[in-house]
Amino acid sequence: MTVTVLPAEVGTEAGADQPRPLRPRRGPADLVFRGGVRAAGVLVLLVMTMVGVFLAYRATLALRVAGPDFLTTETWEPDSGNFGIAAVLTGTVLIAAVAICVAVPLATGTALYISEFAPRRIRRTLVSLVDLMAAVPSVVYGLWGAFLLQGQVIGLSRWLSTWLGWIPPFRVSGADPRDPLSPPAAYTSSTFIAGLVVALMITPIVCSVMREVFSQAPVGEREGAYALGATRWGMIRAVVLPFGKGGMIGGSMLGLGRALGETIAVYMIISPVFAIQPHLLANGANSVSALIALRYGDASTIGISALMAAGLALFTLTLVVNFVASSIIARSRSGAASDA
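Residues numbered from 1 in each chain as written. Predicted model: local features only at pLDDT ≥ 70, side-chain atom pairs only at ≥ 80, totals over all residues. Heavy atoms only, no water.

Caption draft 1: The environment of Ile269, seen in detail. Relative to the helices and strands, Ile269 is located in helix 10 (residues 264-269). Residue class for Ile269 comes out buried when judged on its relative accessible area of 3%. Linking Ile269 and Thr188, residues 81 residues apart in sequence, is a C-alpha distance of 8.6 Å. If sequence neighbours within four positions are ignored, Ile269 has contacts with Gly142, Gly145, Ala146, Gln150, Ser189, Ile193, Ala194 and Val197. (Helix = DSSP H or I, 4+ residues; strand = E, 2+ residues; numbered from the N terminus. Buried < 20%, exposed > 50% of the residue type's maximum accessible area, 1.4 Å probe, protein only. Contact = heavy atoms within 4.5 Å.)

Laid out in structure tokens, this is it:
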């Protein structure tokens, strides 16, 4: 891009400070780049709009039959006209909440270690390993969670139920956590186990975003903190974490969006129940994506429309989460330049 500097206007007083008007002259490459970026942005918005319109159109029949009860009904019997997403939507939110509560501290610690503490010679290897975890297929995580993790977590679930059972989400009905002979089936296929698997799936994504933001913390402010006598952890608390707050929120919301829509891994672990299940450690859970995968193959016309309505609700929920995250990130300081 070239800039044309126009001469000062005739008649100005000698010695007066007059800003010189700058008029950018955009070359062909600038015009092509701007047009390409604009077209890509419009295309993304167009595709999202088309997805929403398609889901809304296909869901019209089910929404007309169910009416407002679609959001409050727990059972799923589309052929009899009695169906709703209260149970599956609650299960989706609970699984995603467990995943975020586990993934965010793990991703934050990993990102801080890689960007601030890891020796330079192994930093690139750690980054590659974290990125490779994000490339593992969902079905592999599902198999690992169903056949290995589930048996190892039963003891933890029993311990949590024993000591935190007075809190409703950690209570397990029909099982005595203090009885060592109590059958472990009451703790399998639970929201907690599904959330742990999803947490390991979204941790690499959240960690990658946080690591990039932490590494961009202003060098001048880092050195200023050290000059004032701060320790490395003090510098991280005073400079890195406040600077990376927006990136931390953005990465967490990106992981939350992935957790809300996870299908195969959750489908392989949970035992579907069509009732609101607020007990995280108890057997039985459900999610919108798992419901669609479970019922799509043998669904009738009204059943397909009901599944489209459930997909529309999940699509809307994901958009709301992303819009809230964008508004929070826009008010944060991440990416701001340092004056030091």
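Right, picking up where we left off after that structure.
Caption draft 2: Here's a closer look at a nonpolar patch on the surface. Nonpolar side chains collect at one region of the surface, where Leu43, Leu46, Val47, Met50 and Val51 lie side by side and expose about 450 Å² of accessible area between them. The topology assignment puts Met50 in helix 1 (residues 28-58). (Patch = residues over 30% accessible without salt bridge, like charges linked within 9 Å, V, L, I, M, F, W, Y side chains within 5 Å. Areas by Shrake-Rupley, 256 points an atom, 1.4 Å probe, with all protein chains shown as cover. Salt bridge = Lys/Arg side-chain N within 4 Å of Asp/Glu carboxyl O.)

Caption draft 3: Up close: the packing of helix 7 (residues 219-227) against helix 8 (residues 232-243). Orientation of helix 7 relative to helix 8, taken along the N-to-C sense of each, is 135°, at an axis distance of 9 Å. Viewed along their axes, helix 7 and helix 8 adopt a mutual orientation that is oblique. The interaxial crossing formed by helix 7 with helix 8 has right-handed handedness. Across the interface between the two elements, Glu221, Arg222, Ala225 and Tyr226 from helix 7 touch Arg232, Met235, Val239 and Val240 from helix 8. Of the residues that constitute the contact of helix 7 with helix 8, the class distribution is five nonpolar, no polar and three charged. (Axes fitted to C-alpha atoms, helices over the stretch in contact; angles between N-to-C directions. Parallel < 35°, antiparallel > 145°, perpendicular 65-115°, else oblique. Left-handed = near helix turned anticlockwise from the far one by under 90°. Nonpolar A, V, L, I, M, F, W, Y, C, P; charged D, E, K, R; others polar.)

Caption draft 4: Geometry of the pattern of salt bridges. Enumeration over the complete set of coordinates arrives at three salt bridges. A salt bridge links Arg222 to Glu116; the shortest N-O distance between them is 2.8 Å. Note that Arg222 is positioned in helix 7 and Glu116 in helix 3 (residues 86-117), a separation of 106 residues in sequence. Relative accessible area serves as the criterion here: at 10%, Glu116 is assigned to the buried category.

Caption draft 5: Representation of the nonpolar core. Trp76 and Met210 are the most contacted members of the largest nonpolar core, which has 78 residues in total. The dominant element in this core, judged by the number of residues it contributes, is helix 6 (residues 191-215), at 13 residues. For Trp76, the residues in contact, after removing those within four places along its chain, are Phe70, Asn82, Phe83, Gly84, Ile85, Phe274, Leu291, Arg295, Ala306, Leu307 and Ala310. (Core = buried A, V, L, I, M, F, W, Y, C linked by side-chain atoms within 4.5 Å.)

Caption draft 6: Highlighting the packing of aromatic side chains. For the structure on display, the rule yields two aromatic pairs. Between Phe70 and Phe83 the ring centres are 6.0 Å apart and the planes differ by 75°, which places this aromatic pair in the edge-to-face class. Of this pair, Phe70 sits in the loop between helix 2 (60-66) and strand 3 (76-77) while Phe83 is found in strand 4 (residues 82-83), placing the two residues 13 residues apart along the sequence. In this structure, Phe70 and Phe83 share a single accessibility class: buried. (Phe/Tyr/Trp six-rings, centres within 6.5 Å; stacked < 30°, edge-to-face > 60°.)

Caption draft 7: Broad picture of the environment of Ser215. Its place among the elements puts Ser215 in helix 6. By relative accessible area, which is 45% here, Ser215 ends up partly exposed. For the pair Ser215 and Ile114, spaced 101 residues apart in the sequence, the C-alpha separation amounts to 9.3 Å. Within the local environment of Ser215, its side chain forms a polar contact with the backbone oxygen of Glu212, the two atoms lying 2.8 Å apart. (Polar contact = N/O pair within 3.5 Å; in protein donor to acceptor, adjacent residues only side chain to side chain.)

Caption draft 8: Expanded view of the packing of helix 3 against helix 9 (residues 245-261). Put simply, helix 3 and helix 9 touch, their axes get as near as 9 Å, and they point 140° apart. Classified by the angle their axes make, helix 3 and helix 9 are oblique. The crossing of helix 3 and helix 9 is right-handed. Along its contact with helix 3, which presents Thr92, Ala96, Ala99, Ile100, Val104 and Thr108, the element helix 9 presents Met248, Ser252, Gly255, Leu256, Ala259 and Leu260. Per-class residue counts for the contact of helix 3 with helix 9 are eight nonpolar, four polar and no charged.

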